[in-house]
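Working through the structure, step by step
Listed here are the chains, written in short residue letters.
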Amino acid sequence: MGSRLFISIALISFSALSAANDFGADSQAAFLSADQAFVADVWMDGEQATVAWQIAPGYYLYGHALAFELDGATLQASIPAGEPYRDEHFGDVSIYRDQLFVALPPEAARGTLTVHYQGCADAGLCYPPTQRSFTLPPP
Amino acid sequence: MKTWIVLLVIAVIAAAGGFALQQSMQAPDALPAQAALPSFSIADLGGEPVTPDDFPGKTVLINFWATWCPPCRDEIPELIALQDKYGEDHLQILGIALDDRARVAEYAARIGMNYPVLVVEGADGFDLMDAYGAQIGGLPFNVMIHPDGRVALRHEGAVTGDEIESRLKLPTGM
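Described in the following lines is the structure provided in the data block.

Criteria and thresholds
- Residues numbered from 1 in each chain as written.
- Chains lettered and ligands numbered in written order.
- Predicted model: local features only at pLDDT ≥ 70, side-chain atom pairs only at ≥ 80, totals over all residues.
- Helix = DSSP H or I, 4+ residues; strand = E, 2+ residues; numbered from the N terminus.
- Buried ≥ 20, exposed ≤ 12 C-beta atoms within 10 Å, placed from the backbone.
- Pairing = 2+ DSSP bridges.
- Axes fitted to C-alpha atoms, helices over the stretch in contact; angles between N-to-C directions.

Some remarks on unusual backbone geometry
Omega for the bond connecting A:Leu136 with A:Pro137 falls within 30 degrees of zero, at -5 degrees, which places this linkage in the cis form. Along the chain, A:Pro137 falls in the segment after β12 (130–136). Each neighbour pair has its own omega, and for B:Leu139 with B:Pro140 the value is 0 degrees, a cis peptide bond. Take B:Pro140: it is sitting in the loop between α4 (124–131) and β6 (141–145). A positive phi is found at A:Asp71, a non-glycine position, where the angle reads about 50 degrees. Of note, the phi angle at A:Asp98 is positive, near 70 degrees, even though the residue is not glycine. For A:Asp98, the location among the structural elements is in the loop between β7 (91–96) and β8 (99–103). For A:Asp98, a count of 12 C-beta atoms within 10 Å translates into the label exposed.

Here's what the structure looks like:
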């Protein structure tokens, strides 16, 4: 009886101790890292390179922040129409959710491709402008 | 005899639990005192260097933000209101903009920011955020430091004025 009582009280006290350590800790939404929220990849179909993003639910990319360079020279890519979005600072812009595919011009078949992008989470966090580089054609 | 041993163990565990609870209430995320936190000296928009040590006796709220960050901009009117309400004696907000200086200056003037706005261009600002405990590297990021050096709030993502106010250390009766 005595030992059972001791074990019960010890378990309760241990639980209380664990809870105490969590008490007051900051509560905030668990955000993904930028690389998890916006997974960028590139592939070739013949000589046609396409950049693709998989965008996590609850996150979006800004269209006006998309930019592409090949060996340091700006590429004019055809970016599909996105979801209209009214931003107090940027004005009328487009955003992209779920996935985005951008076909690059034919000259972007060989070299170092750098893609620039930036996005936010609906829950109230924005990631800094990010860039990723890819070797074309992909290995 | 056995009963006494049981009671003694219970008393020790209860005391440890109470101590842990007290400590966690004082230091929500158990960060070290301000002496161990990074400091900085960054020029404000007028070119004057500002450090968190310039405000002894006040709670300092460091708000990392940028003009390109909508949730950051949404916070700023609340920060202005809090600085108005508590800035005299209890609170000093420091806005650290990770952004282009000219854009920040235009925005701060237009919105009427009533606390020092410091600008860090390039990656150094994100390194400073990391040093203050940012995990994600996104904005906004707020860190509140009480006058005794304890971190009272460390929050990535949008935070409300009520949340900030609830973490302020105010004299009894306020």
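Remarks on the sheet that holds strand β4 (residues 67–70) of chain A
Residue and element names in this part refer to chain A. On the basis of which strands lie adjacent, the open sheet formed by 4 strands has the order β5-β4-β9-β12 and antiparallel pairing. Edge strands, defined here as strands with exactly one partner in the open sheet, are β5 (73–75) and β12. Averaged over all neighbouring strand pairs, the angle between strand axes comes to 30 degrees, with direction disregarded. Strand direction decides the pairing type here: β4 and strand β9 (residues 111–117), joined by 4 bridges, are antiparallel. If you follow Leu70 over to β9, its bridge partner there is Leu113.

Functional significance is not addressed by these values, which are geometric in nature.
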